[in-house]
Amino acid sequence: MNPNPQIVVLDAGGQYCHLIARKVRDLGVYAEVRASETPASELAAARGIIISGGPNSVYDAGSPTVDRAIFAQPHAVLGICYGQQLMAYLLGGQVRKGDKGEYGLATLELDDTCDPLFAGLAGRQQVWMSHRDTVYGLPEGFSAVGRTATCAIAAVAAPDRRLYAVQFHPEVVHTTRGKEILSNFIFRVCGCCKDWDPRQRIPLIEQEIRDCVGGRNVFFFVSGGVDSSVAFALCGRALGVDRVRGVYVDTGLMRAGETDFVGRLPGVSVESAQEQFLTALAGVTEPEQKRHIIGEEFVRVQERIIDGRRLVDEHWILGQGTIYPDTIESGGTRNAALIKTHHNRVAGIQRLIECGRIVEPLKSLYKDEVREVGRELGLPSELLDRHPFPGPGLAIRCLCSEFDAPVRETPEGWVVPVHSVGVQGDSRSYAPILALDRLDHASATELINRLTEVNRVVALVAAKSPLSRLQVLACSLTPDRLARLRAADATVRRLSHDSGFDRQVWQFPVILIPLGTPEHPDSVVLRPVDSVDGMTAQSVAMPAALLEQISQELLAQPGIAAVFYDLTHKPPATIEWE
Ligand code: XMP
């Protein structure tokens, strides 16, 4: 179905492979992700291979590797981060194992080489680093052409062998000239021609839908998110709307107004399952357990609906909004992928796939390509430009605690024993937060780099009592607390929409944490972030007047003791708290 990929990205773990493939496609060249160990013989037709970054060390047992014959084939190879270390290691160079690592922005000094990869890029530029190990001895034929203050070998080239590597990440936006490096690689080094525009694939996708569905009808689970909505619309266009039906499962973990919004979409009906989800989650405090339970309950509802509607008879086939990253089996440990595995690849659905009863029109597209397709189809921006919302819903924004625990004063601020998830060099952390009494992004960044005890820094912006009097109170995921979060989220959404602030941010999670007093047991955390793809994100400052208005309205709500503002970028914190 797809053109032969001119560029293949070998997945060395983590999510970087998809970011790279997406960036290559943005440049108009079709790229696919393959497992790192793919035999060289299967890659021979590609014009270029990119080995992605990943969390491992080349010295770890079982860490991803590549078929070293790829280095002797005529195509060019670019190693990125772990890809650079792996290339150096496999070709006889030396890699030093690091304990601490280098995460974040750095200044790259690039030599004035006549090498096509770095054409027009000589001099100083900002790059983004995320690594522990470094290359310190180069294989034969390689020379170092770029360095940073802490990494002597940050860009290497062996032009005669068409092999290149960089320690930084050209695929992330913080590497200001990363796009030019990728463009140089695919066009100047590999000689690719432009062959990719997702909008031009719409007629092809519609034909694929008709071929796959035949004379049957299509049934969808829609979530109100971009993917399932676009897939649903494509099937409606390809087959006619009366042959396509959608069901939206109300898990009780949705935001205020969401069920009404999705229920109004043409051809969609609502299945109520609030009680089922909330009963299964009663008393649960641990984040991973929440995610697991939600996945399992979702499977049950899906199977019930599928069985009830006799979807497995010869008249029906299931449609899904599965997108490209969800279809790749990779070695990475990705939470979002795990959740989506629950939803899109559960046992009942796996059976349908096996007997050809699934249609997945978006399975070769990335999210931004899905949006482009949706725009081309004329879907409203109200639907296409919605902020992302996680599958497990408000459950992972409503933090719980097994114990009562006091906050602790330190020279830097207050350590609050509410644990949240973070990410560093692609590994997960789970640690308490530090609360400051001032909105100060610069100190937050400095503190988070220096302190090891915490992985997130928040500022107190409004409170009914002083911080020293607040404490963490044991609680779980109850309907009352979910209602409290839903009300706070609705307030923040309304005010940020009315002021236009929601259009300046990529996503704006609102989190409930069990920090307060017996009378007002919870606090709200505001987490507006800017991002391009969710892989990295920056905490965004908000206009003072809007913050004041939000804080006042939130403090007026029952049960809310204080309002905080998350000052932490990703990394080291994640966007969602759990
Ligand atoms: P994190 O928290 O990992 O989030 O920085 C990155 C992006 O992914 C979304 N997210 C999820 N989406 N199911 C989803 O469909 C999930 O389990 C999930 N967890 C995080 C998050 O909202 C952000 O946009």
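Computed from a predicted structure; not experimentally measured. (Residues numbered from 1 in each chain as written. Predicted model: local features only at pLDDT ≥ 70, side-chain atom pairs only at ≥ 80, totals over all residues. Heavy atoms only, no water.)

S.K.: Please explain the overall build of the protein as it appears in this structure.
M.R.: In terms of regular secondary structure, the protein is built from 16 helices and 28 strands. Taking 25 Å as the expected radius of gyration for a compact globule of 578 residues, we find that the protein reaches 25 Å, a close match to that expectation. On the principal axes, the C-alpha backbone points of the protein span a range of 70 × 70 × 45 Å. Out of the 578 residues in the protein, the part that is buried amounts to 58%. Considering only residue pairs separated by 6 or more positions, the protein has 74% of its internal contacts joining residues 24 or more positions apart. Surface accessibility of the protein: about 23,100 Å² in total, with carbon and sulfur atoms responsible for 50%. (Helix = DSSP H or I, 4+ residues; strand = E, 2+ residues; numbered from the N terminus. Rg over C-alpha atoms; globule rule 2.2 N^0.38 Å. Buried < 20%, exposed > 50% of the residue type's maximum accessible area, 1.4 Å probe, protein only. Contact = heavy atoms within 4.5 Å. Areas by Shrake-Rupley, 256 points an atom, 1.4 Å probe, with all protein chains shown as cover.)

S.K.: I tried to follow the site of the ligand on my own but got confused; where do I start?
M.R.: Close to the ligand lie 14 residues, the nearest being Arg291, Gln507, Lys570, Ile575 and Glu576. Take glutamate 576: an N or O atom from its side chain is 2.5 Å from an oxygen atom of the ligand. With the chains in place, 82% of the 500 Å² that the ligand exposes on its own is no longer accessible. Class assignment of the residues belonging to the shell around the ligand gives a composition of six nonpolar, four polar and four charged. In terms of domain composition, the shell around the ligand takes at least three residues from each of domain 2 (198-393) and domain 3 (397-566). (Near = heavy atom within 4 Å. Polar contact = N/O pair within 3.5 Å; in protein donor to acceptor, adjacent residues only side chain to side chain. Nonpolar A, V, L, I, M, F, W, Y, C, P; charged D, E, K, R; others polar. Domains from an automatic or database assignment.)

S.K.: Please clarify how the packing of aromatic side chains should be interpreted in this entry.
M.R.: In this description, an aromatic ring pair is defined by two values, namely the gap between the centres and the angle between the planes. Enumeration according to the criterion identifies seven aromatic pairs in this entry. Residues phenylalanine 277 and phenylalanine 298 carry aromatic rings whose centres are separated by 6.3 Å and whose planes lie at 65 degrees to one another, so their mutual orientation is edge-to-face. Of this pair, phenylalanine 277 sits in helix H7 (residues 274-281) while phenylalanine 298 sits in helix H8 (residues 287-308), and the two are 21 residues apart along the sequence. Each member of the pair, phenylalanine 277 as well as phenylalanine 298, carries the same accessibility label: buried. (Phe/Tyr/Trp six-rings, centres within 6.5 Å; stacked < 30°, edge-to-face > 60°.)

S.K.: Where do I start with the domain arrangement of the protein in this structure?
M.R.: A common way to state how big an interface is: give the accessible area lost once the parts meet. When the domains of the protein are assigned, the result is domain 1 (7-189), domain 2 (198-393) and domain 3 (397-566). Relative placement of domain 1 and domain 2: their C-alpha centres are 35 Å apart.

S.K.: Even after reading the chapter, I still don't get the packing of helix H5 (residues 226-239) against helix H12 (residues 367-376), so can you show me in this structure?
M.R.: When two helices pack together, their arrangement is given by the angle between their axes and by how far apart the axes lie. In the contact formed by H5 and H12, the axes pass within 10 Å of each other and the chain directions differ by 45 degrees. Taken together, H5 and H12 sit at an angle that is classed as oblique. Between H5 and H12 lies a crossing of left-handed hand. Packed against H5, whose contacting residues are Val226, Asp227, Val230 and Leu234, the element H12 presents Lys367, Val370, Arg371, Val373 and Gly374 at the interface. Tallied by class, residues from the contact of H5 with H12 come to five nonpolar, one polar and three charged. (Axes fitted to C-alpha atoms, helices over the stretch in contact; angles between N-to-C directions. Parallel < 35°, antiparallel > 145°, perpendicular 65-115°, else oblique. Left-handed = near helix turned anticlockwise from the far one by under 90°.)

S.K.: I'm lost on the sheet that holds strand E23 (residues 510-513) in this one. Help?
M.R.: Strand pairing in a sheet relies on backbone hydrogen bonds. The paired strands run either parallel or antiparallel. The strand order across the open sheet built from seven strands is E18-E19-E20-E21-E28-E25-E23, with neighbouring strands paired in mixed fashion. Every interior strand has two partners, whereas the edge strands, strand E18 (408-409) and E23, have only one. Pairing between E18 and strand E19 (residues 414-424): two bridges, direction antiparallel. The residue bridging arginine 408 from the neighbouring strand is valine 415, located in E19. (Pairing = 2+ DSSP bridges.)

S.K.: Hey, could you run me through the pattern of salt bridges in this one?
M.R.: Close approach of charged atoms allows side chains with opposite charge to pair. Evaluation of the coordinates by the stated rule reveals 31 salt bridges. Put simply, glutamate 369 and arginine 25 hold a salt bridge, and the shortest N to O gap is 2.8 Å. Of this pair, glutamate 369 sits in helix H12 while arginine 25 sits in helix H1 (residues 16-26); the two residues are 344 residues apart in sequence, bridging distant segments of the chain. Assessed through its relative accessible area of 3%, arginine 25 is described here as buried. Overlapping salt bridges bring together Asp197, Arg199 and Glu372 as one network. (Salt bridge = Lys/Arg side-chain N within 4 Å of Asp/Glu carboxyl O.)

S.K.: I would appreciate a short explanation of unusual backbone geometry in the present structure.
M.R.: Trans is the prevailing form of peptide bonds, just as negative phi is the prevailing case for residues other than glycine. With omega at -15 degrees, the peptide bond leading from lysine 570 into proline 571 counts as cis. Within the secondary structure, proline 571 is located in the segment after strand E28 (560-566). With omega at 10 degrees, the peptide bond leading from proline 571 into proline 572 counts as cis. At cysteine 81, a residue that is not glycine, the phi angle is positive and equals roughly 55 degrees. Summarising the element assignment, cysteine 81 is placed in the loop between strand E4 (76-80) and helix H2 (82-90). The phi dihedral of arginine 162 falls on the positive side, at around 60 degrees, and the residue is not glycine. On the secondary structure map, arginine 162 appears in the loop between strand E10 (155-158) and strand E11 (163-166). Classification of arginine 162 by relative accessible area gives partly exposed; the value is 27%.

S.K.: Help me understand the pairing of E28 in this model?
M.R.: Within a regular strand, the side chains alternate between the two sheet faces. The element E28 is extensively covered by neighbouring structure, given that seven of its seven residues are classed as buried. Two strands pair when backbone bridges link them, and strand E25 (residues 522-526) and E28 are joined in this way by five bridges, in the parallel orientation. Across the sheet, the residue bridging to aspartate 522 is isoleucine 560, located in E28.

S.K.: Explain the environment of alanine 233 here, please?
M.R.: As for its position among the elements, alanine 233 is in helix H5. Setting aside residues up to four positions removed in sequence, alanine 233 forms contacts with Leu377 and Leu379.

S.K.: It is not clear to me how H7 should be interpreted in this structure. Could you clarify?
M.R.: Residues that lie three or four places apart on an α-helix share one face, since the helix turns once every 3.6 residues. Gln276, Phe277 and Leu281 are the residues of H7 that are buried. For H7, the buried positions fall inside an angular range of 120 degrees around the axis, keeping them on one side. More than 90 degrees from the buried face of H7, the exposed residues found are Glu275 and Thr279. Contact partners of the buried residues in H7: strand E13 (244-250) and H8. Just beyond H7, the residue with positive phi is glycine 283, at close to 80 degrees. (Arc of directions from axis to C-beta.)

S.K.: How do you make sense of the packing of helix H15 (residues 479-498) against helix H16 (residues 544-555) when you look at a structure like this?
M.R.: Between H15 and H16, whose axes approach to 10 Å, the crossing angle comes to 155 degrees. Here H16 runs roughly antiparallel to H15, going by the angle between their axes. In the packing of H15 onto H16, the handedness of the crossing is right-handed. Touching Ala488, Thr491, Val492, Arg494 and Leu495 of H15 are Leu546, Gln549, Ile550, Glu553 and Leu554, all from H16. Of the residues contributing to the contact of H15 with H16, the split by class is six nonpolar, two polar and two charged.

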